[in-house]
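So the chains spell out like this:
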Amino acid sequence: VGELAEMFNKENNLGLKLHIVKMRDWTRTDWFDETGLTWANPSPNLRSLTQATLYPGVAMVEAANVSVGRGTDTPFELLGAPWINARKIAEHLNARRIQGVRFLPVDFIPKSGPFAGQVCHGVNILLLDRQALDTAELGVEILAALHQLFPREFQIDKTRSLVGARWVLEAIKSGQDPRSIARRWQEALEQFRRSRAKYLLYP
């Protein structure tokens, strides 16, 4: 947060006088469970490090007519809807060989969200290798799978606000491979990394 504050202040010429208190004994490669600190839910539906890790990708679809497991014991580890064929989407996503995750077909009944009290068919997302997972690419893979397999039911346009880029949705609609879509944002990502470099406080 301190790094971002300094970057926003300088890059946007805000002219703020910031005093940033640095953390001790933390490096950029540390995961939370490597710090020795006690987990505290940053949100009622982020109850574990696994859920927080999957959240940036899985949450891309939740503005549409899909449950992401809110109202269950494992939000963001589940994804489904009454109109989804669980086995079909699990097989499709596993065939994509997305690094770091596997998918199991599952039925669940969320207590809240768009299908509260209804049986949802979908997938349980197993996080196998958090270092290998690209969460943004995971989100695009899920979007593409839902659109390809269930084009009449899935309300893809409602995901625009969470995806953040209209061109991503248009690329999915035109049938482009999710991996090629992810490659298209690598140059911009590298530009951001270069811009942020002078504001980094931690190794």
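Here's what I pulled together on the structure shown here. Keep in mind that what you see is a predicted model, and the values were worked out from it rather than measured. (Residues numbered from 1 in each chain as written. Predicted model: local features only at pLDDT ≥ 70, side-chain atom pairs only at ≥ 80, totals over all residues. Heavy atoms only, no water.)

Bringing the side chain of Asn9 into the picture now. Relative to the elements of secondary structure, Asn9 occurs in helix H1 (residues 2–11). Given the relative accessible area of 5%, Asn9 is considered buried. Those residues in contact with Asn9, other than ones at most four positions away along the chain, are Leu14, Gly15, Leu16 and Leu18. (Helix = DSSP H or I, 4+ residues; strand = E, 2+ residues; numbered from the N terminus. Buried < 20%, exposed > 50% of the residue type's maximum accessible area, 1.4 Å probe, protein only. Contact = heavy atoms within 4.5 Å.)

The next point concerns a nonpolar patch on the surface. Residues Leu4, Phe8, Leu14, Leu16 and Leu18 make up a contiguous nonpolar surface patch of roughly 450 Å² in combined accessible area. Relative to the helices and strands, Leu18 is located in the loop between H1 and helix H2 (49–58). Accessibility expressed as a relative area gives 37% for Leu18, which makes it partly exposed. (Patch = residues over 30% accessible without salt bridge, like charges linked within 9 Å, V, L, I, M, F, W, Y side chains within 5 Å. Areas by Shrake-Rupley, 256 points an atom, 1.4 Å probe, with all protein chains shown as cover. Salt bridge = Lys/Arg side-chain N within 4 Å of Asp/Glu carboxyl O.)

The next thing to look at is the packing of aromatic side chains. Within this structure, the stated rule accounts for 5 aromatic pairs. On the basis of an interplanar angle of 85 degrees and a centroid distance of 4.8 Å, the ring pair of Tyr55 and Phe76 is categorised as edge-to-face. Linking Tyr55 in helix H2 with Phe76 in the loop between H2 and strand S1 (78–81), this pair joins segments that are 21 residues apart in sequence. Look at Tyr55 and you get partly exposed, because its relative accessible area is 32%. (Phe/Tyr/Trp six-rings, centres within 6.5 Å; stacked < 30°, edge-to-face > 60°.)

Now for H2. Along H2, the residues that are buried comprise Leu49, Gln51, Thr53, Leu54, Gly57 and Val58. On its buried face, H2 is in contact with S1, strand S2 (101–108), strand S3 (120–127) and helix H4 (135–149).

It is worth spelling out the packing of H4 against helix H6 (residues 166–173) at this point. Working note: a packed helix pair is described by the angle between its axes plus the distance between those axes. Running from amino to carboxyl end, H4 crosses H6 at an angle of 45 degrees, the nearest separation of the two axes being 10 Å. As the angle between them shows, H4 and H6 are arranged oblique. In the crossing of H4 with H6, the sense of the turn from one axis to the other is right-handed. Residues Val140, Leu143, Ala144 and His147 of H4 pack against Val168, Ile172 and Lys173 of H6. Looking at the contact of H4 with H6 residue by residue, the class counts come to 5 nonpolar, 1 polar and 1 charged. (Axes fitted to C-alpha atoms, helices over the stretch in contact; angles between N-to-C directions. Parallel < 35°, antiparallel > 145°, perpendicular 65-115°, else oblique. Left-handed = near helix turned anticlockwise from the far one by under 90°. Nonpolar A, V, L, I, M, F, W, Y, C, P; charged D, E, K, R; others polar.)

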